[in-house]
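Chain and residue survey
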Amino acid sequence: MTTPHVRLGVIGAGFVGRALVQMLDDDSRQVALVDGATATLELVGVAVRDLTTVREGVDSSLLTDDPLSLAARDDVDILVELAGGIEPARTWIETALRRGASVVTANKTLMADCGTELAQLAHENGADLLYEASVAGGIPIIRALRTSLAGEKINRVMGIVNGTTNFILSQMTSEGRDYADALKEAQALGYAEADPTADVEAFDAAAKVQILSSLAIGTALHGEPILREGISKVRSVDVDYARRAGYVIKLIGVVERVGEHGLSRRTHPALIPIDHPLAAVHGAMNAVFIEGDRSGPLMWLGQGAGGEPTASAVLGDVLHAARNRVNGRHDVPFTVDDRLLSVDSGDLSSVFYLSIDVRDEPGVLAQVAGVFGRHNVSIQSMEQSGFGQEARLSFLTHVALTRDVTATLHELDLLVSVDSIGACIRVIDGGGA
Ligand code: HSE
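Conventions we followed
- Residues numbered from 1 in each chain as written.
- Predicted model: local features only at pLDDT ≥ 70, side-chain atom pairs only at ≥ 80, totals over all residues.
- Heavy atoms only, no water.
- Helix = DSSP H or I, 4+ residues; strand = E, 2+ residues; numbered from the N terminus.
- Expected span 1.5 Å × (residues − 1).
- Buried < 20%, exposed > 50% of the residue type's maximum accessible area, 1.4 Å probe, protein only.
- Contact = heavy atoms within 4.5 Å.
- Polar contact = N/O pair within 3.5 Å; in protein donor to acceptor, adjacent residues only side chain to side chain.
- Pairing = 2+ DSSP bridges.
- Phe/Tyr/Trp six-rings, centres within 6.5 Å; stacked < 30°, edge-to-face > 60°.
- Lys NZ or Arg CZ within 6 Å of the ring centre and 35° of its normal.
- Axes fitted to C-alpha atoms, helices over the stretch in contact; angles between N-to-C directions.

With 12 residues, helix H6 (residues 163-174) should cover 16 Å at 1.5 Å per step; its first-to-last C-alpha distance of 16 Å lies within 8% of that length. Burial analysis of H6 places 10 of its 12 residues in the buried class, which makes it a mostly covered element. Taken as a whole, H6 has its buried residues at Gly163, Thr164, Thr165, Asn166, Phe167, Ile168, Leu169, Ser170, Gln171 and Met172. The elements touched by buried residues of H6 are strand E7 (154-160), helix H7 (179-188), helix H8 (197-200), helix H10 (236-245), strand E9 (247-258) and strand E11 (285-292). The N-cap of H6, judged by a side-chain oxygen 3.3 Å from the amide nitrogen of Thr164 a few residues on, is Asn162. Count one or two residues on from H6 and you reach Gly176, which has phi positive near 70°.

See below:
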């Protein structure tokens, strides 16, 4: 019997693409594919933007600058898409799937935007669409949710799924840097892009939250926006306050069941208790923390980006797709639960950290406290620090409705004694995030 031969085309030869090509070249990784069949993998083409750039470790005879033709080639059994973005990546992927080739992608933006439709297209054509590397790079969270946790009712997922923002917040916490300085350091080290918007304004994390939600709870992937707040407004004073109060500030992505069919998907900075496992995730590391009904708490920790960790996740998917192909099968798409309804964020409850700069005059505190009381927001603790004629008031509330806290801040903003609203950050505690 001849050994089945599975041929790969790769679009993109950046850090991840090059690491993948090198891993494919490593004989020891030409593993036996399970289930009684073995196969060899052969790389038959690598599509790049510019053919003149020298790419160490990539055989130049495999290079093409025509990704669409690579996706359409009859002899490509598995297309690996590592270019990112929505178009033209979507067209390449659809081209490959329509002719029955499987696709492995790291493209979170595309999966969040139209993953349900693409997964259906793959299924209709007897192909796989695998995207382990799209969330938290080298952490194998997608397959864990798809297989090991398939029978679990997952109540909440909280993830640190953006390494750049975790690096910036870690620098602010451990080195006492301010936001602008920590961002510059992240850019110098290659974590943050020259335009850091996708990371610091949490677009990257939001796409990952949508993907986690589809697998953990069963939401469709069709680009529905979720609550998204980035870290650019987090100040050193907030980080300092959090530390004194026993917390650390992290950008978290949350997927949470609310009641029978309600759900909340969001990404925002949060105060995490210092003894929570996510508080110990430092630097550019990623982590995903899951609260299952029967499994209890679970956590994965690892590299969320970088050539080799991400390529490792991609290669795992390639081998899975190759095994499926050799055995004449493919994975079915994830199940969508049509009964799920997103809860209005105003209806969510949380403890909040609020910081307000006020005039330091008699009666101001009473006035401020009155506004909290009128909106049914109960104060758990208050700290005042003075500077000249001004004072900063930092509050931790008891669990309060988000809409009540928002109304409180709007009314406070109208008071002449209030100079500015500095922070409004949710606190993770037993009562929710
Ligand atoms: N820019 C992302 C991060 C990695 O900083 O984690 C790719 O999703």
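This part covers the pairing of E11. The buried fraction of E11 is high, at 6 of 8 residues. In terms of strand pairing, E7 meets E11 through 6 bridges, oriented antiparallel. Each bridged residue has a counterpart across the sheet, and for Ile160 the counterpart in E11 is Ala287. Sheet topology places E11 next to strand E12 (residues 296-303); 8 bridges connect them, and they run antiparallel. Looking at the pairing, Phe289 lines up with Met299 of E12.

If you walk through the whole model with that rule in mind, you get 3 aromatic pairs. Their ring planes at 10° and their centres at 4.7 Å tell us that Tyr241 and Tyr353 sit as a pair that is stacked. Pair noted here: Tyr241 is in helix H10 and Tyr353 is in strand E14 (residues 349-359), with a separation of 112 residues, a long-range link. Geometrically, the ring pair formed by Phe372 and Phe395 is tilted, given 4.6 Å between the ring centres and 40° between the ring planes. Here Phe372 is found in helix H12 (residues 364-374), whereas its partner Phe395 is found in strand E16 (residues 390-397), with 23 residues between them in sequence. This pair shows no difference in class: Phe372 is buried, exactly as Phe395 is. In this structure, Arg228 packs its charged tip against the face of Phe203, placed 3.7 Å from the ring centre.

Let us now look at the environment of Leu341. Here Leu341 is to be found in strand E13 (residues 341-342). What makes Leu341 exposed here is its relative accessible area of 61%. Leu341 sits 79 residues away from Gly262 along the chain, and the two C-alpha atoms are 5.0 Å apart. Sequence-distant contacts of Leu341, that is, excluding residues within four places in its chain, are made with His261, Gly262 and Leu263.

Okay, the sheet that holds strand E6 (residues 129-130) next. Strand order across the open sheet formed by 6 strands is E3-E2-E1-E4-E5-E6, with parallel pairing between neighbours. Two strands bound the open sheet, and with one partner strand each, they are strand E3 (63-64) and E6. The pairing of strand E2 (residues 40-47) with E3 spans 2 bridges and is classified as parallel. Among the inter-strand pairings, Ala47 is bridged to a residue of E3, identified as Thr64. Its contacts with the sheet put helix H1 (residues 15-25) on strand E1 (5-11), E2 and strand E4 (78-81), and the angle it makes with E2 is roughly 150°.

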